[in-house]
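# Overview (structure and organization)
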Amino acid sequence: MSSRIIYRIASTLLMFAILLVFIAPIQVTASPIFYAFPFTSHDDINDVVDIEYVPNHGVWLLDGEGTVNFYDGVHYHPLSDFISPPEGRISRFAMFDNSLWFIVNRKLFRFDVAANEFEEIPLGEGESATDVNVFQRTLWVSTSSYLYQFIEGTKAPTNLTRLPLKRLFTSEENLIGLGASALINIATEQHLYAVEQKLVAAVHYGDRELWVGFDSGLIRVVDGNEVSRHLDGMTISAITQNNEGIWVGTDQGLYHGNVRERGEPSFSLVESNTDDQFSLLGQKISDIDMGRVGEMWVSTDTGLNYHPPSSKDVRRFALPQHFPDWGDTELSSMVSLHDKHYVSSKNKVIVLDDNLSPLDSTKLGFAIEGMVTLSDTLWVASASGLVVLEPHTLQVSMDNVPERLKGVAFDNIVADSHSLWLVEEQQVFRFWPDSQTVINFGADWSAQKNAQLNAVLDLDEKGSWLGASDGLHFYFDGRFQHKLSRESVGSVLSVSLGKNDELWLLTTKGVYQYPIDGASEAKKVFGSELGVDEACLALSKDFAFAITTKGIERFNLISGQRHHVEAGQRSSLTTHNRELCAVVNESLLVAGDYGVFLLTSDKLKALFDAPLRTSVVGSVSVNGKPWRLGAITLDQVSIPSKSSVMIDIGKMPFRQDEGVIYRLEGGNAENWHETKDQHLQFSALESGAYTLMIRERSQGGEKIERPLITLDVASPWYQRLGAVLLAIITLALFVIWYYRRKTALVKSHNLQLRHTVHQKVIEIDRRESLIINANSDGADKTTTSSVFYFHVLHDGHFAQYSQQVGAKEQAGIEFVENKGPQYLEQTQWQKDVLDAISTHFHDPDFSLAVLAKAFFTSERSLQRRFKAEFGYTFKEALISTRLANAQRMLYQGDKIANVAIACGFNEPSYFTKSFKAKYGYTPSQFRERYERREI
């Protein structure tokens, strides 16, 4: 016993000796918020010199080697994998009208992202492109002689101005050009500043104030006059401005200057710390690109950095920047007292004001296990016992600390409205400072061995609720009751009182509600999902906030509605790193190894009302070959059967290391799957339509499902053959029907034309007959009639036959009578045959078969008799008759095409060929000779 007393006395004296040593206050400053995306490999991505941000889709990167990569928030994709760009290095580029415009070897090229094709854009003979930039939804291209302007939807310039420029700079409502010796406002053609031979790398112009960056510093120009210099000796790479101030990128880091109405801005370095999850990554700044709503992307020598516009009013104090050994420490406590916030870790304490600006800091001679406030005093639990810390001076005091609590190695301290609860391993002490009363409950407060007390909620005469590693306990009138077991709700980390007198429990299994009267079971409000841990719970008047490893969950205490805000990449927020939170004056105060954040009620409302950023398609590959990259309007992919498709899912601006939950609808693939690298692959897809569905959290906190892309897999050729044959048959039937109808119409037209012409021929024959009868001087009518019948056969063999018949008939009637009935029958048959030919020669369907049918005989018999009677075939007789009538019509001046149709020829070419074979010249030649009276 005596040895133990001596040990405690010695420990107490040692503690007092250590408390006499204090270290000077630490110099600390606040820092803006950045999300860092490190480059995966410097072998693939060299030093970035230019970036182009496409809102909610990705960032295009141009490196020092002249190669281009696309970053979708998760993966880096080389442009050269998708197209074969022209030889040479890309010197400048810009994203415009869903196309990437870039300059190679002084020539302008356009890469159509949706079509995955690129082409050269001609700029005129001998013109050399120098720069390209986008300003007010227009693409501007400067060359060695002209300034070109491109409008959306066009590939050719719509406006030319003779103005040779080296570079183009855009800022706010101004487009600035760098000429041979001056900076020029393109809109007004006003010379803003003479640069002489200086190397201008960055320009920003707005409200009569011009900022110009050189390789030796930054100058400020007002109304054309240089008024100040800043950042001397630094190489300026980029300058931009938003509602937070001026941002300047240099080879020594990123600088931020506060904009003042009068006087010069004061530039401060934005510190970089690889251990800080919300700090700038890298030192050498290469480019800054501002988004449409004020978001900012900064490229450095080691990665990309995103600065969200919503962070403007978020107060932040970056702890890691002020503790070199922060990676080996853990936040131990955070308390608020009189509009000040006290944060501790190990033996360090920092005091922050209500804007999280540092006020004071100190180091103690012992490690802080926990710190609480009670009666306007800071109480600290340590391995050396209970210690009082004066809030204003941070001086250590042992006043009001009972001897019984000195030198006890406390593991934790919890405060209720009147007392302190102190934990030493399994033992629990309760201490009332006002009455200096101490009660040691020992280890019997819980039936569970090795149980640890984590939180206490004191409800005065209604008792106290204790959250412990073995569940939830209730203390009243000196007795402990075990209300909820660890098996049912998990270890209880904190206990809070809700709006309707219900308990809110933060446990290792999630967030629960539990009625204080125990009338019902505990109800889970936020469930611990796979890879998501609730680290802290805080209640305001209307809301419950749960800080998780994926963001902030908000529960409306009145309506019961849930909302969610993502926190981006926070890989450090694992279960062994402690996070603390509290609601102070309706503002949410959150602290962790990444720093301290203060979110006002207005900022919280803006964050939860903002739309949730959703997943996008970064790239698509088909059968192992890159197919599309960074397309803004990409909703359908048509691929052949049995193809394999690889899809990279991106999400801007936050990198989602937790993967993606997806399902491919169509075919037999209907199950949900999850991938950690957000790289999806589908092999040997059967023909059909597929839809890639994504399951992600909505703004309300619930899971939603939405389509991301459609895959149209074509059927194989053997399945398409039936459809092709059906289409061919249908087309053939249509063609047959069409040509039959057309032929019928042509025949009808030709029939009408032949009828008209035939009537004309009959009229011609009638007139010629009248002339012959008038000149016969009383000749025998039978002879005249015979001559009329055979008049059309005056040429060739038929003319000779006609002459023979006429001579015989002219010998007198005795000649006929002497021949007898047989001769008469023969002559009548010949006359009938010739009559039939003379009557039907114009009909293209008139043939030997038709004539044989009319004479009630066979074709063969008719052909033999015809040959025997006339000495030629029926076909020769028909063609001779047609040609003879055609000759007569040509005499009358009819069109050759009409003559051919009227005389029974379906094809004018066959008519011309037959006519020339008969007479030795074509119908047109015949007409020309007739008109010249050569015939």
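Since the model is a prediction, treat every value here as computed from it, not as a measurement.

Turning our eyes to something else, we now look at the packing of helix H11 (residues 874-892) against helix H14 (residues 923-931). Closest axis-to-axis distance for the H11/H14 pair is 10 Å, and the angle between their directions is 50°. Classified by the angle between their axes, H11 and H14 sit oblique to one another. In this structure, H11 crosses over H14, and the sense of that crossing is right-handed. Residues Gln887, Leu890 and Tyr891 of H11 touch H14, and the partners they reach there are Pro923, Phe926, Arg927 and Tyr930. Classifying every residue of the contact of H11 with H14 by side-chain character gives five nonpolar, one polar and one charged.

As a further point, take the side chain of His204. With respect to the helices and strands, His204 occurs in strand E18 (residues 200-206). There is a polar contact of 3.1 Å between the side chain of His204 and the side chain of Gln241. Dropping the residues within four chain positions of it, His204 is found in contact with Ser171, Glu172, Glu209, Leu210, Trp211, Ile239, Thr240, Gln241 and Ile246.

Time to look at the pairing of strand E21 (residues 225-230). As paired strands, strand E20 (residues 217-222) and E21 are joined by five bridges and run antiparallel to one another. From the neighbouring strand, Leu218 faces E21, where its bridge partner is His230.

As a further point, take the state of the cysteines. One pass over the full model with this rule turns up one disulfide. At a sulfur-sulfur separation of 1.8 Å, the disulfide partner of Cys536 is Cys581. Since a negative S-S torsion denotes a left-handed disulfide, the Cys536-Cys581 link at about -100° is left-handed. Taken together, the positions of Cys536 in strand E50 (residues 534-539) and Cys581 in strand E54 (residues 580-584) put the pair 45 residues apart, joining distant regions of the chain. We note that Cys536, like Cys581, is buried.

Quick look at the pairing of strand E63 (residues 679-682) now. Burial along E63 is one-sided: the face carrying Leu680 and Phe682 is buried and the face carrying His679 and Gln681 is not. The pairing of strand E60 (residues 645-650) with E63 spans four bridges and is classified as antiparallel. Among the inter-strand pairings, Ile647 is bridged to a residue of E63, identified as Leu680.

The next thing to look at is the packing of aromatic side chains. The tally for this structure, following the rule as stated, stands at 46 aromatic pairs. Taking 5.2 Å as the distance between ring centres and 50° as the angle between the ring planes, the aromatic pair formed by Trp101 and Phe150 counts as tilted. Taken together, the residues span a long stretch of sequence, with Trp101 in strand E7 (residues 99-104) and Phe150 in strand E12 (residues 147-151) at a distance of 49 residues. Residue Trp101 is classed as buried on the basis of its relative accessible area of 0%. When its relative accessible area of 0% is taken as the criterion, Phe150 is described as buried. Chaining the aromatic ring pairs together yields one cluster made of Tyr35, Phe37, Phe39, Tyr53, Tyr71, Tyr76, Phe278, Trp297, Tyr306 and Phe597. Looking at Arg628, its charged tip hangs above the ring of Trp627, at a distance of 3.7 Å from the centre. One residue, Arg695, lies across the ring of Trp672, its end atom 4.2 Å from the ring centre.

Judged by nonpolar contacts, the single largest core of 33 residues is most densely connected at Phe37, Val59, Leu61, Tyr76, Trp297, Leu304 and Leu588. Within the second largest apolar cluster, 32 residues are counted, among which are Val372, Leu389, Leu394 and Leu422.

This part is about the side chain of Ser469. Structurally, Ser469 is set in the loop between strand E43 (464-468) and strand E44 (471-476). For Ser469, a relative accessible area of 16% translates into the label buried. Looking at Ser469, its side chain comes within polar contact range of the main-chain nitrogen of Gln452, at 2.8 Å. Apart from the residues within four sequence positions on either side, Ser469 is in contact with Asn450, Ala451, Gln452, Asn454, Arg486 and Ser491.

The rules behind the values
- Residues numbered from 1 in each chain as written.
- Predicted model: local features only at pLDDT ≥ 70, side-chain atom pairs only at ≥ 80, totals over all residues.
- Heavy atoms only, no water.
- Axes fitted to C-alpha atoms, helices over the stretch in contact; angles between N-to-C directions.
- Helix = DSSP H or I, 4+ residues; strand = E, 2+ residues; numbered from the N terminus.
- Parallel < 35°, antiparallel > 145°, perpendicular 65-115°, else oblique.
- Left-handed = near helix turned anticlockwise from the far one by under 90°.
- Contact = heavy atoms within 4.5 Å.
- Nonpolar A, V, L, I, M, F, W, Y, C, P; charged D, E, K, R; others polar.
- Polar contact = N/O pair within 3.5 Å; in protein donor to acceptor, adjacent residues only side chain to side chain.
- Pairing = 2+ DSSP bridges.
- Disulfide = S-S within 2.5 Å.
- Buried < 20%, exposed > 50% of the residue type's maximum accessible area, 1.4 Å probe, protein only.
- Phe/Tyr/Trp six-rings, centres within 6.5 Å; stacked < 30°, edge-to-face > 60°.
- Lys NZ or Arg CZ within 6 Å of the ring centre and 35° of its normal.
- Core = buried A, V, L, I, M, F, W, Y, C linked by side-chain atoms within 4.5 Å.

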